[in-house]
Amino acid sequence: MKALRVDRSTGRFMLARLVSGIDTGTAAKIGPLTLANCEPPTLVNNEWQRVHPLLTGICGSDLATVEGHASTYFEHWVSFPFVPGHEIVGTLDSGERVVIEPVLGHAARGAELPFPDAAPGDGDDYAHLAMPPLEPGIQIGFCNSTGGGWATELIAHASQIHTIASDMPDERAVLVEPVAGGIHAALLAISHAAKTEAPIFAVLGAGTMGLCAIAALRKYSPHATIIVGARYPAQTQLAKMFGATSVVKPDELMRAVRHATGCHVVGDYLSSGAHVTIDAVGNSDSIALSLRMTRPRGRIVLMGMPSEVTVDLTGLWHRETQVMGAYTYGTETFPNGARKRTFLLAIELANEIHAEQMLSATYPLSEYQQALRHASEAGARGAIKVAFDMRQEKLR
Amino acid sequence: MPRPGFVLDVDRSTPPILFWRGENYSLEKLPADRSRVIYAPEPEAAIEDIDSAIRHALLNPIEMDPLPTLLFPGMKLTIAFDDISLPLPKMTRPDIRQRVIESVLDLAAEAGVDDVHIIAALALHRRMTEDELRHMLGDRVYDAFAPRGMLYQHDAEDPDNMALLGETPQGEEVEINKRAAESDLLVYVNINLVAMDGGWKSTATGLSSYRSLRHHHNTHTMENSRSFMDQHKSELHKSNWRMGEIMKKHGPKIFQIETTVNNDTFPSAFNFLGKREWEWNARDRAKFVASSAALSRTPARMRRNIFQSIEAPHQMTSIQAGEVEAVHKVTTANVYRQQLVEVQGQTDILTMGIPFICPYNVNSIMNPILVMCTGLGYFFNLYRNKPLVREGGVIIMTHPTTNEFHPVHHPSYIDFFEQVLTETTVPSELEARFEKKFAEDEWYKHLYRTGNAYHGVHPFYMWYWGSHALQHCGKVIIVGGDAPTIRRLGFTPASTFNDALEIASDVVGRSPTITHFHTPPIMIADVK
């Protein structure tokens, strides 16, 4: 099969990290990623199926890997060499079109479910992520045993496969996975402000994940005030379309939140602030800003993968701010007690918002350097999501 | 004998004309045979013995008894005065207000009045600093009254110190400072820089609150004032005068003191800026070249400090005291005498250089909202009869228009720029959607009451000032400014004056008539 593969090579990771500041395309060329003809992954048992990707998105965490910026945290949770790509719409051998819930959960590894009908992302013990029968890997796209979406073939467990309707275009389906991530983050935000009739949510960053969170906040909290910090015009336009109350430049966000709440400014901090801030950027500056504009005893949902950061946490301590990670999805519990798989909600929401609006460009695997460059410069080039298109690949 | 205002028809021999560009200036060549330049009248002679003139006015008021007869022991006397927003630039010490207030205090002392409060009539403007108050009132007044809490600044957000006097038949609430309202005599000390100042606007606006101001500081009033400088056609004037009727019935006795100043705007180092270009001598030309080159290499902050430190030599040309309306009639005639310039007909393109100062950035930054207000709110409205530019015509302003705000003086302006203008620039729409929230914002109130910030609603008022111009003009172009900032204002950026003329041709054709409004000094175009 044809695949983009990441090999364990410290030197290449270092080179990629050095060069990525200048050009992601070059980083992809000299870094740990190569386009190769490899053996397809072996089916583990009859609960597994072959998936032939049609479109696979390029995510921020993929770029971090290719550019050598991923945290060492993942060293023990991934297995090399692996094929990246976890935002996948593809076909099974039967021809059935599916989207893949990439998390390699208990069911995929034959482990006991944390509760009946648990989704792959559920549970409070991650031991199974590094256990046989698969090599370590948190998701398809980071596991040597399964392959990933930047290829013409991969394998997926039955628990990860969601059939989609025939009228759902591939371009929409490829965004179901990020939409699920957005819903999960939004519901973490909404649950914290459940007792507030008209909560104020701040969203920092309006790339794919931020936009998906905005759409989900609007759907599940219709009366909320949603204030968004967006850097680029295309992001601003979609943020408004997806339900943002107001969209400002990121450096104007704190003032906009202050104005919405009517609170004071004391030093660098708002006296009150947003009930919840969703940080869809995930660096030192964005976390520090989130701390400054989230109200005391409010919550910050970290949606962007932060890696190593330097932040003064005195404000967090004094304001008793909750900081909560929002990694992927699983089973969501609504304020009325109803439970539903995030992925099913995501298919619904992707249809409602016509999520394909976020797909800006596609590239064949052979043009991966251009694709990665485009993805890393997406905002500045007026793009949101860039994906690989395998529909014309010969090895499908 | 000062020369009157003058309209120059530009021909091939006309030298390039001075255009202000904030804290710098340039010379621009105007197209011959279809351009004209309007110059202000030369400064009138100042009163030689100002203190005697003041005393004479207090002892011989118009339609009112002399001030000493209104003063008696045990009375409550309040003296209110215009704030830092005028004159522009600030005048050299002693300021007229100091001289007038010292005279009033002398008479009060002679009459045995000891309950005297002096209040800066800020309305919703920023509180002044001690230095600014000292400059305006002098050390003697400041040291005698401020430490004892008897010299202070009006607080329109202090509900315990506001008094509702009543409503006009149009439902306009008249609420003013309680101490002023409950005084046996309110003496108002005014400097009349332009024709819309003074009269009932002094008290009905200067000592009032948002509750009162909203009745005339709104888009309806502004769009229907043609112009603010013509009392008979100004809705703003009419509303203030209606409020004046309520003040007469239910308010304190008012002794109005109004003064006018000449338009001697620039100290000797910059006096070429007030001259007509063809009369520049070699020294003037050298000053222009040297100063503009030096300023273009000077950091913005330093440039600002240089200009904000200018103290104008303008001086008092008249003083009249007594009954508000009778006094104001004389004052207005005196203002017109200094400022009116007769102009024949309208123009396709009106050009104006926006200088470093307007009423709301004294010792501060001319932010983009104030650029709009200065050009479209003030300069555009400096007319009688009809606007200088024809309906559907183009206004070209020159100014750097950077995205820069004074965070202490203009906090709500920043939010207005970032959160309101990104949604709409239509005055009536932003008024309906956003004004109330800004006006009632507790943080803005806090900064207005305890810091040196303009009230939260103030940027809206600035935008409303320009609403008549926005309604009237086909396009507004700003030359030499920050393009994204200008676009956010809803205007068109141009890199050079010639580019601006090219852009304007889409609206007014290839051979438009052009009029340059050569201000400062301040003048009023009497358009026939």
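Rules used throughout
- Residues numbered from 1 in each chain as written.
- Chains lettered and ligands numbered in written order.
- Predicted model: local features only at pLDDT ≥ 70, side-chain atom pairs only at ≥ 80, totals over all residues.
- Helix = DSSP H or I, 4+ residues; strand = E, 2+ residues; numbered from the N terminus.
- Expected span 1.5 Å × (residues − 1).
- Buried ≥ 20, exposed ≤ 12 C-beta atoms within 10 Å, placed from the backbone.
- Domains from an automatic or database assignment.
- Contact = placed C-beta atoms within 7 Å.
- Nonpolar A, V, L, I, M, F, W, Y, C, P; charged D, E, K, R; others polar.
- Axes fitted to C-alpha atoms, helices over the stretch in contact; angles between N-to-C directions.
- Parallel < 35°, antiparallel > 145°, perpendicular 65-115°, else oblique.
- Pairing = 2+ DSSP bridges.
- Core = buried A, V, L, I, M, F, W, Y, C linked by C-beta atoms within 7 Å.
- Arc of directions from axis to C-beta.

## Some thoughts on helix H10 (residues 282-296) of chain B
Because each turn of an α-helix spans 3.6 residues, side chains separated by three or four positions in sequence point in the same direction.
Working step 1: With 15 residues, H10(B) ought to run about 21 Å at 1.5 Å a step, and its terminal C-alpha atoms sit 21 Å apart, in line with that.
Working step 2: Judged by how many residues are buried, H10(B) sits mostly at the surface: zero of 15 residues are covered.

## Looking at the domain arrangement of chain A
Working step 1: Structurally, chain A comprises domain 1 (2-163 + 364-389) and domain 2 (179-336).
Working step 2: No other element matches the three residues that helix H3 (residues 60-66) of chain A contributes to the side of domain 1 of chain A that touches domain 2 of chain A.

## A word on the interface of chain B and chain A
Accessible area lost on assembly of the parts is the figure often given for the size of an interface.
Working step 1: Every contact between the two is made by nine residues of chain B and, on the other side, 11 residues of chain A.
Working step 2: Only helix H14 (411-420) and helix H16 (442-450) of chain B provide two or more residues apiece to the side of chain B that touches chain A.
Working step 3: Counting residues per element, the side of chain B that touches chain A draws most heavily on H14(B), which supplies four residues.
Working step 4: When the residues that make up the side of chain B that touches chain A are grouped by side-chain class, the tally is two nonpolar, three polar and four charged.

## A short note on the packing of helix H8 (residues 253-261) of chain A against H14(B)
Working step 1: H14(B) packs onto H8(A) with a crossing angle of 100 degrees between their chain directions and a minimal axis gap of 10 Å. Considering the angle they form, H8(A) stands roughly perpendicular to H14(B). Facing Arg255(A), Ala256(A) and His259(A) of H8(A), the residues of H14(B) in contact are Ile414(B), Asp415(B), Glu418(B) and Gln419(B).
Working step 2: Residue composition of the contact of H8(A) with H14(B), by class: two nonpolar, two polar and three charged.

## A look at the domain arrangement of chain B
Residues and elements named next belong to chain B.
Working step 1: Assigned domains within chain B: domain 1 (6-39 + 344-527) and domain 2 (53-261).
Working step 2: Its C-alpha centre places domain 1 at a distance of 29 Å from the equivalent point of domain 2.
Working step 3: The partner domain 2 presents 28 residues to the 31 residues of domain 1 that form the contact.
Working step 4: Looking at the side of domain 1 that touches domain 2, the elements with two or more residues in it are strand S15 (383-384), helix H15 (427-440), H16, helix H17 (458-465) and helix H18 (467-472).
Working step 5: Tallied by class, residues from the side of domain 1 that touches domain 2 come to 17 nonpolar, 10 polar and four charged.

## With respect to the sheet that holds strand S10 (residues 185-192) of chain B
Residues and elements named next belong to chain B.
Working step 1: Pairing in this open sheet of six strands is mixed, and the strands run S7-S6-S5-S10-S11-S12 from one edge to the other. At either margin of the open sheet sits one strand with a lone partner, and together these are strand S7 (151-153) and strand S12 (316-322). Neighbour-to-neighbour, the strand axes of this sheet turn through a mean angle of 20 degrees, independent of strand direction.
Working step 2: Set on the sheet, helix H12 (residues 324-339) makes contact with S10, strand S11 (254-261) and S12; between it and S11 the angle comes to about 5 degrees.

## Describing the nonpolar core
Working step 1: Ile79(B), Ile101(B), Ile395(B), Ile477(B) and Ala525(B) are the most contacted members of the largest nonpolar core, which totals 160 residues.
Working step 2: Top element by residues in this core is helix H13 (residues 368-379) of chain B. It accounts for eight residues.
Working step 3: Residue assignment places this core across two domains, with domain 1 (6-39 + 344-527) and domain 2 (53-261) of chain B each supplying three or more.
Working step 4: Beyond its immediate chain neighbours, meaning those up to four positions away, Ile477(B) contacts Val394(B), Ile396(B), Phe491(B), Thr492(B), Ala494(B), Ala500(B), Ile503(B) and Ala504(B).
Working step 5: Within the second largest apolar cluster, 120 residues are counted, among which are Phe142(A), Ala206(A), Leu238(A) and Ala375(A).

## Side note on the sheet that holds strand S13 (residues 340-343) of chain B
Residue and element names in this part refer to chain B.
Working step 1: Judged by pairing direction, the sheet is parallel, and its three strands sit side by side in the order S13-S20-S15 without closing on themselves. The sheet is open, and its two borders are formed by S13 and S15, each paired with just one other strand.
Working step 2: Bridge analysis of S15 against strand S20 (residues 524-527) gives two bridges, and the strand direction is parallel. The partner of Arg384 across the bridge, within S20, is Asp526.

## A word on helix H20 (residues 497-508) of chain B
Residue and element names in this part refer to chain B.
Working step 1: If you check H20, its first and last C-alpha atoms are 16 Å apart, about what 12 residues at 1.5 Å a residue would give, namely 16 Å.
Working step 2: Taken together, the buried positions of H20 are Phe497, Ala500, Leu501, Ala504 and Val508. All buried residues of H20 project into a common sector of 95 degrees when viewed along the axis, lining one side.
Working step 3: Turning to H20, the residues buried within the fold contact strand S3 (25-28), strand S14 (347-355), strand S16 (389-398), strand S17 (475-479) and strand S18 (492-494).
Working step 4: Backbone geometry just downstream of H20 places Gly509 in the positive-phi region, at approximately 85 degrees.

## Things to note about unusual backbone geometry
Residue and element names in this part refer to chain B.
Working step 1: Here the bond from Thr519 into Pro520 is cis, since omega is 0 degrees, no more than 30 degrees from zero.
Working step 2: Turning to its location among the elements, Pro520 is positioned in the loop between strand S19 (514-518) and S20.
Working step 3: Here Pro520 and Pro521 are connected by a cis peptide whose omega angle stands at 5 degrees.
Working step 4: Relative to the elements of secondary structure, Pro521 occurs in the loop between S19 and S20.
Working step 5: Its identity as a non-glycine residue notwithstanding, Ala123 has a phi of 55 degrees, on the positive side.
Working step 6: Relative to the assigned elements, Ala123 resides in the loop between strand S6 (115-120) and helix H4 (130-145).

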